[in-house]
2 protein chains.
Amino acid sequence: MAALGKVYLIGAGPGAQDLITLRGARLLAQADVVLHDALVTEEMLELCPQAEKILVGKRCGQLSTAQQFINKQLVDHVHKVPLVVRLKGGDPMLFGRADEELRALEEAGIEVEVVPGITTALAAAAASKQPLTKRGVSRSVAFFTSSTAPDHAEHDAIPDTDTLVQYMGGREAIATAERLLAQGRKPDTPVVVIENVSRPDQHIRRMTIATLAQGLGAAHGPVLVMLGDAMKTRSHQSFDSEINSAIAHQLRA
Amino acid sequence: MAALGKVYLIGAGPGAQDLITLRGARLLAQADVVLHDALVTEEMLELCPQAEKILVGKRCGQLSTAQQFINKQLVDHVHKVPLVVRLKGGDPMLFGRADEELRALEEAGIEVEVVPGITTALAAAAASKQPLTKRGVSRSVAFFTSSTAPDHAEHDAIPDTDTLVQYMGGREAIATAERLLAQGRKPDTPVVVIENVSRPDQHIRRMTIATLAQGLGAAHGPVLVMLGDAMKTRSHQSFDSEINSAIAHQLRA
């Protein structure tokens, strides 16, 4: 039997090609096969022209059968080629379903290594220039997501940290805002909503919990919602760059 | 008066040279001046051989006068050269004191852009192969730090998320463990403690909240503490690589 290859579980970051790590980019350039999510951008895949690229997974939620099929594909490929990359949007260890894949690979006796990526929340904080922590204002941050399953949604507690970041927070953000108001957070608590962070169609909106409770309208990509007093704007803060900075990086790269 | 330069606030990530982003590395290679923390590694500074490198800040906590001096240096340098980098360990927007520097630069009318970095928690999750979220086990994560000021420490609430990550958690971790036990978390809740993540002297320890409450002994670098059921090891998980994977990357680079 041939020696087994190795799998690298790599975080691609939020989408812009130059927001992957040097380590991630180097491994992509050496990969034989790259299994990637729909959230991984075309420009990111340009970093591995030599590799066989396979789209796996769904944009919003995966059936467990789909996950089992991804696991099987990983195991199958690493029996055939030396370097298999599993490329995920954001960071693999935060809302990335890494546990299932690590478990499957380990049970099959396959060597696996994880390369971290820029998680969406930190790219969003950078793009909006809103630090998630702030001396005297915010010393704790929670990243959370809400189940869309009706039996879960009502029982999900919203964390009690100073700053809150809701991943995949489009439709669910209304319920979050309502529950925060019911829990006594001030209606004028500032909120930043970011869609398609770091991509050419990045869109940043600023509002309050009270306005968030009225809904966000249609979203055209992954939505991240950041809440809390740390989201308050600074007196000399400029917002000119918010829409265009992602585009500028595309042109400059 | 000469046209002003631009300041980039860049996250260096946890320490390994290849865990900075491509964007961060490219800007470092173009920088005229780089003002960096003590947490930024020597190997990271090799990415900007052409730049004037200035060490600012302290390892553990900064006096506000020190922060004001950093702000002043940033403003002074950007009046003299076109590209000034402020390089911070981890990510600038998470426990990075970015607010003070953004404020000072904006008040001086200086253009500033933020480039995210791999925050220590995600590097630690990757190194230990412990996802911070896990289907059916953990859907929320909090990142927090404790004040060392005695008047603060007692009133700090510990967030109620499924997974907890304490930054700069060396001495303070004992108090955290005690309070979590008092709040009813199970004594056998798994804990992962990581020192110097991604560096050649990376050290990973696995324990429970009960053992954490007895203290960690001497630490030789930045300590991160991760807690919660997501830290439970998998049945076929291997720990061979934990101590040596950081070294392997150093040799391979």
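Residues numbered from 1 in each chain as written. Chains lettered and ligands numbered in written order. Predicted model: local features only at pLDDT ≥ 70, side-chain atom pairs only at ≥ 80, totals over all residues. Heavy atoms only, no water.

Looking up chain A in an unreviewed UniProt entry gives the name uroporphyrinogen-III C-methyltransferase, with the organism given as Duganella aceris. Quoted verbatim from the Sequence similarities (unreviewed entry) field of the UniProt record, the comment on chain A reads "Belongs to the precorrin methyltransferase family." The annotation that UniProt attaches to chain A under Pathway (unreviewed entry) is "Porphyrin-containing compound metabolism; siroheme biosynthesis; precorrin-2 from uroporphyrinogen III: step 1/1." (UniProt positions renumbered as here; feature names shortened; annotations may be inferred.)

1. Things to note about the nonpolar core
With 79 residues, the main nonpolar core has A:Leu132, A:Phe143 and B:Leu132 as its most contacted residues. One finds A:Met207, A:Ala213, B:Ala173 and B:Val191 within the second-largest nonpolar core, a separate group that totals 34 residues. (Core = buried A, V, L, I, M, F, W, Y, C linked by side-chain atoms within 4.5 Å. Buried < 20%, exposed > 50% of the residue type's maximum accessible area, 1.4 Å probe, protein only.)

2. Focus: the pattern of salt bridges
Counted under the stated rule, the structure contains 28 salt bridges over all chains. Between A:Glu106 and B:Arg234 there is a salt bridge, with the nearest N and O atoms lying 2.7 Å from each other. With one member in each of two chains, A:Glu106 in helix α4 (residues 98-107) and B:Arg234 in the loop between β10 (223-227) and α9 (241-252) form a pair that bridges those chains. Take A:Glu106 and B:Arg234: they sit in the same class, and that class is buried. Between B:Lys6 and B:Glu111 there is a salt bridge, and its shortest N-O distance comes to 3.3 Å. Of the two residues, B:Lys6 sits in strand β1 (residues 6-11) while B:Glu111 sits in strand β5 (residues 111-115), which places them 105 residues apart along the sequence. (Salt bridge = Lys/Arg side-chain N within 4 Å of Asp/Glu carboxyl O. Helix = DSSP H or I, 4+ residues; strand = E, 2+ residues; numbered from the N terminus.)

3. Structural notes on the packing of aromatic side chains
A full pass over the atoms with the stated rule returns 5 aromatic pairs over all chains. With 5.0 Å between their ring centres and 70° between their planes, A:Phe143 and B:Phe143 make a pair best called edge-to-face. On the criterion of chain membership, the pair formed by A:Phe143 in strand β6 (residues 140-144) and B:Phe143 in strand β6 (residues 140-144) is interchain, its members lying in two chains. Judged by its relative accessible area of 1%, B:Phe143 falls in the buried class. Three or more aromatic residues joined by ring pairs make a cluster, and in this case those are A:Phe95, A:Phe143, A:Tyr167, B:Phe95, B:Phe143 and B:Tyr167. (Phe/Tyr/Trp six-rings, centres within 6.5 Å; stacked < 30°, edge-to-face > 60°.)

4. Brief notes about the relation of the copies chain A and chain B
Once turned by 180° and shifted 0.0 Å along the axis, chain A lies on chain B with an RMSD of 0.0 Å. What we have between these two chains is a two-fold relation. Interface overlap between copies is the fraction of interface residues in one copy that are interface residues in the other; for chain A against chain B it reaches 100%, indicating a shared surface. (Least-squares fit on C-alpha atoms with pLDDT ≥ 70 in both. Contact = heavy atoms within 4.5 Å.)

5. So, the sheet that holds strand β5 (residues 111-115) of chain A
Residues and elements named next belong to chain A. Ordered by their spatial adjacency, 5 strands build an open sheet running β3-β2-β4-β1-β5, and the pairing between neighbours is parallel. The sheet is open, and its two edges are formed by β3 (52-55) and β5, each paired on a single side. Each adjacent strand pair in this sheet contributes to an overall mean axis angle of 20°, direction not counted. Bridge count for strand β2 (residues 33-36) against β3 is 4 bridges, and the pairing is parallel. If you follow Leu-35 over to β3, its bridge partner there is Ile-54. Its contacts with the sheet place helix α1 (residues 22-30) against β1 (6-11), β2, β4 (83-88) and β5, and it is angled at close to 130° to β4. Against the sheet, α4 touches β1, β4 and β5, its axis set at about 170° to β1. (Pairing = 2+ DSSP bridges. Axes fitted to C-alpha atoms, helices over the stretch in contact; angles between N-to-C directions.)

6. A closer look at the interface of chain A and chain B
Facing 65 residues of chain A, the contacting portion of chain B comprises 65 residues. Buried surface at the junction of chain A and chain B, summed over both partners, amounts to about 5,700 Å²; 58% is from carbon and sulfur atoms. The largest contributions to the chain A side of the interface with chain B come from A:Leu22, A:Met93 and A:Arg139, which together make up 13% of the buried area. Inspection of the region where chain A meets chain B yields 8 salt bridges. Of all the secondary structure elements, the ones that give two or more residues to the side of chain A that touches chain B are α1, α4, β5, α5 (120-128), β6 and α9 (241-252) of chain A. No other element matches the 7 residues that α4(A) contributes to the side of chain A that touches chain B. Bridge count between β6(A) and β6(B): 5 bridges; the pairing is antiparallel. Its bridge partner lying in β6(B), A:Ala142 is registered against B:Ala142. (Buried area = accessible area lost by both parts, 1.4 Å probe.)

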